[in-house]
Amino acid sequence: MPPLSPLYLLRRLLGNERWRRLHVKAAAWAALGVVVVLLLGSWIIVPFELAAPKATITSFPLALWWSVETATTVGYGDLYPVTVPGRLIAGVVMLVGISVFSIVTASLATWFVGSAALRAHKVAEALEGAERKGRAEASDELRALHARFDHLEQLVRRSGGPGPGPGPDQPPSA
């Protein structure tokens, strides 16, 4: 399957580990729920509005357009319910639409924050590893310097030079 085909992308999405996370599932169920509410709201509102005077929602396609613009809070004002049951249905469509967009937005934010936190965790682990390596290298260098100084002191003592006592500029102690 080509990488840009819808079926390939859907399979990649559903097979992905992130899909199993709760926020992604919640967003998917919320999106499915809003589609159901839009279709049901459109189907139910037409009989109430059809016989009303000054009704603007008089067919299923108009009702579907009205429910989409209501759920997305666009509300152009071209279509609106005039009956009490129609307004109650509009309230439900509005609440569901706002809730779904909130859930989807929260899911996206959670995904972005989770990705950033994962990257930050990897960077912190890399820094800790570099710090441990740097400390080990510094400790090895310090041991090597001590060994060299010990070796130099032994060479100086063997050659009869001054030991760790007073230097040539200092008077000998009595």
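The model shown is predicted, which means the values in this text are computed figures rather than measured ones.

What about the environment of Val-46?
Next, step 1: Turning to its location among the elements, Val-46 is positioned in helix H2 (residues 22-50).
Next, step 2: Under the relative-accessibility criterion, Val-46 is labelled buried at 13%.
Next, step 3: Sequence-wise, Val-46 and Leu-64 are 18 residues apart; in three dimensions their C-alpha atoms are separated by 9.8 Å.
Next, step 4: Beyond its immediate stretch of four places on either side in the chain, Val-46 contacts Thr-58, Ser-59, Phe-60 and Ala-63.

Let's talk about a nonpolar patch on the surface
Next, step 1: Together, Trp-29, Leu-32, Val-35, Val-36, Leu-39, Leu-40, Trp-43, Ile-44, Phe-48 and Phe-60 make up an exposed nonpolar region whose accessible area comes to about 1,000 Å².
Next, step 2: Sorting elements by how many residues they give to the nonpolar patch places H2 first, with 9 residues.
Next, step 3: By secondary structure assignment, the location of Leu-39 is in helix H2.
Next, step 4: In this structure Leu-39 comes out as partly exposed when scored by relative accessible area, which is 41%.

Quick word on helix H3 (residues 60-71)
Next, step 1: Taking 1.5 Å per residue, 12 residues should reach 16 Å; H3 reaches 16 Å between its end C-alpha atoms and fits that length.
Next, step 2: Note on H3: the residue one or two positions beyond its end, Thr-73, has a positive phi of about 60°.

Quick notes on the side chain of Ser-67
Next, step 1: Within the secondary structure layout, Ser-67 lies in helix H3.
Next, step 2: The class for Ser-67 is buried, based on a relative accessible area of 0%.
Next, step 3: In this view, Ser-67 contacts Leu-38, Ser-42 and Val-93; residues no more than four positions away in its chain are not counted.

The rules behind the values
- Residues numbered from 1 in each chain as written.
- Predicted model: local features only at pLDDT ≥ 70, side-chain atom pairs only at ≥ 80, totals over all residues.
- Heavy atoms only, no water.
- Helix = DSSP H or I, 4+ residues; strand = E, 2+ residues; numbered from the N terminus.
- Buried < 20%, exposed > 50% of the residue type's maximum accessible area, 1.4 Å probe, protein only.
- Contact = heavy atoms within 4.5 Å.
- Patch = residues over 30% accessible without salt bridge, like charges linked within 9 Å, V, L, I, M, F, W, Y side chains within 5 Å.
- Areas by Shrake-Rupley, 256 points an atom, 1.4 Å probe, with all protein chains shown as cover.
- Salt bridge = Lys/Arg side-chain N within 4 Å of Asp/Glu carboxyl O.
- Expected span 1.5 Å × (residues − 1).

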